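# Structural overview
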Amino acid sequence: MARLLWPLSSRQLILVLSSVLLLVTIVGLTFMNRRLPLPDTEEPKTFKLLASKTEILSEVGPESVDQTIEGLPSFLDQNLAAAASGGDFCPEAYATVRRFVPRLTRVRKLLGQIDERQRPHYTAVFLKKLEGCMQGFAKSWKEELAAMHNAKGPLLLAAPTNYGKKQATATALVYILTEWDRQEAVPTFAWLLEQLDPLPVNRLFLLYSTHVLIGSMPTAGFSQDKLDKLAAYKRLSRKHFPEVERTTVTAWNAKYDETDFRVVILGEPVPVASQPTIQLRFYPDIDDYEHPNTMKLGMEADALQRTMLSCLRAK
């Protein structure tokens, strides 16, 4: 160090030392700023809304409940939720669906804004829509495959196709009905499981949703045969389907959320904790129970499905 500084004049030496001290100060302040927690009530001006958050809030915010339901297939909502979910994105696969559906802004809005008094009405609306999604779905699936086959490059879409609309709507509605614990949905879920592939909702996702509802199913009035089959199903399901608790996450109208890259990647003290919240389930990682083509169940899940349907059909 002495050899390096010796040729410098006193004035130059002072300038060099001042520059080093300034650099150390800047680095130190940056280090402290990245790690010191901010009070939840303090919203620093440096943390602005991400452009994507501004866009989705301006799109979803003014919607009525019915408009939000119709908007479930929105590309913006789907793409943002998929990006926040991480991993490969395949809307037909359980591994994708279980991660991104709970992160859809419209799903969180419907869960937060439809109260207990309104749920019977919207349950009936959702079940009717589910039946509508199944009608003609196989045809829309074939049309989608044909369009992909005939495309001379990537298939670029300006808006969701009929296939995409049915799939996005059915998947979101199954999830919401399960979160509401609507027992009226069980017969429709069972009916869907009995249908041949393709279904408008991932079969494993639907199977787990039905499993959750069966867990709280009232048994008053059940025959002994139905009780025995229900007990057999529960014994088998305990070996394969883990139970999950609801997690507290940011609500649809939060300015910042738990997937904000400034929190996840940069570790910055974005005031997420001060935002409105909601509790919901993230389905467990049971990806291996799905057949590689994503439209079929693996052997163990298929056996579980047959046991479940035998129980639900029993008188």
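Because the structure is a prediction, the values reported are computed rather than measured.

What counts and what doesn't
Residues numbered from 1 in each chain as written. Predicted model: local features only at pLDDT ≥ 70, side-chain atom pairs only at ≥ 80, totals over all residues. Heavy atoms only, no water. Salt bridge = Lys/Arg side-chain N within 4 Å of Asp/Glu carboxyl O. Helix = DSSP H or I, 4+ residues; strand = E, 2+ residues; numbered from the N terminus. Buried < 20%, exposed > 50% of the residue type's maximum accessible area, 1.4 Å probe, protein only. Contact = heavy atoms within 4.5 Å. Pairing = 2+ DSSP bridges. Expected span 1.5 Å × (residues − 1). Arc of directions from axis to C-beta. pLDDT = per-residue confidence, 0-100.

## Regarding the pattern of salt bridges
- As enumerated under the stated definition, the model contains 18 salt bridges in all.
- As a salt-bridge pair, D287 and R98 come within 2.9 Å of each other at their nearest N and O atoms. Of the two residues, D287 is situated in the loop between strand 2 (277-280) and helix 15 (299-313) and R98 in helix 6 (residues 94-100); the sequence distance between them amounts to 189 residues.
- Residue classification places D287 among the partly exposed residues on the basis of a relative accessible area of 21%.
- For R98, a relative accessible area of 14% puts it in the buried group.

## Quick notes on helix 11 (residues 186-194)
- Every buried residue of helix 11 is accounted for by V186, T188, F189, A190, L192 and L193.
- In this fold, the buried residues of helix 11 make contact with helix 8 (119-134), helix 10 (162-179), helix 12 (203-215) and helix 15.

## Focus on the pairing of strand 2
- Because side chains alternate across strand 2, one face comprises the buried residues I278 and L280, and the other comprises T277 and Q279, none of which is buried.
- Here strand 1 (residues 247-250) runs beside strand 2; their pairing, made up of four bridges, is antiparallel. Within strand 2, the position partnered with T250 by the bridge is T277.

## Brief notes about helix 9 (residues 137-150)
- The terminal C-alpha atoms of helix 9, which comprises 14 residues, lie 20 Å apart, in line with the 20 Å expected from a rise of 1.5 Å per residue.
- All buried positions along helix 9 are accounted for by F137, S140 and E144. One face of helix 9 carries all of its buried residues, which in axial projection span an arc of 60 degrees. Facing away from the buried surface of helix 9 by more than 90 degrees, the exposed residues are K139, K142, H149 and N150.
- Next to the buried residues of helix 9 lie helix 8 and helix 10.

## Digging into the confidence of the model for the chain
- Put simply, the chain has an average pLDDT of 87, and 85% of its residues get 70 or more.
- Between residues 1-8, whose pLDDT stays under 50, and residues either more than four places distant or in other chains, the model counts three contacts.
- Confidence over residues 29-45 falls short of pLDDT 50; this stretch has 17 contacts with residues more than four positions distant or in other chains.

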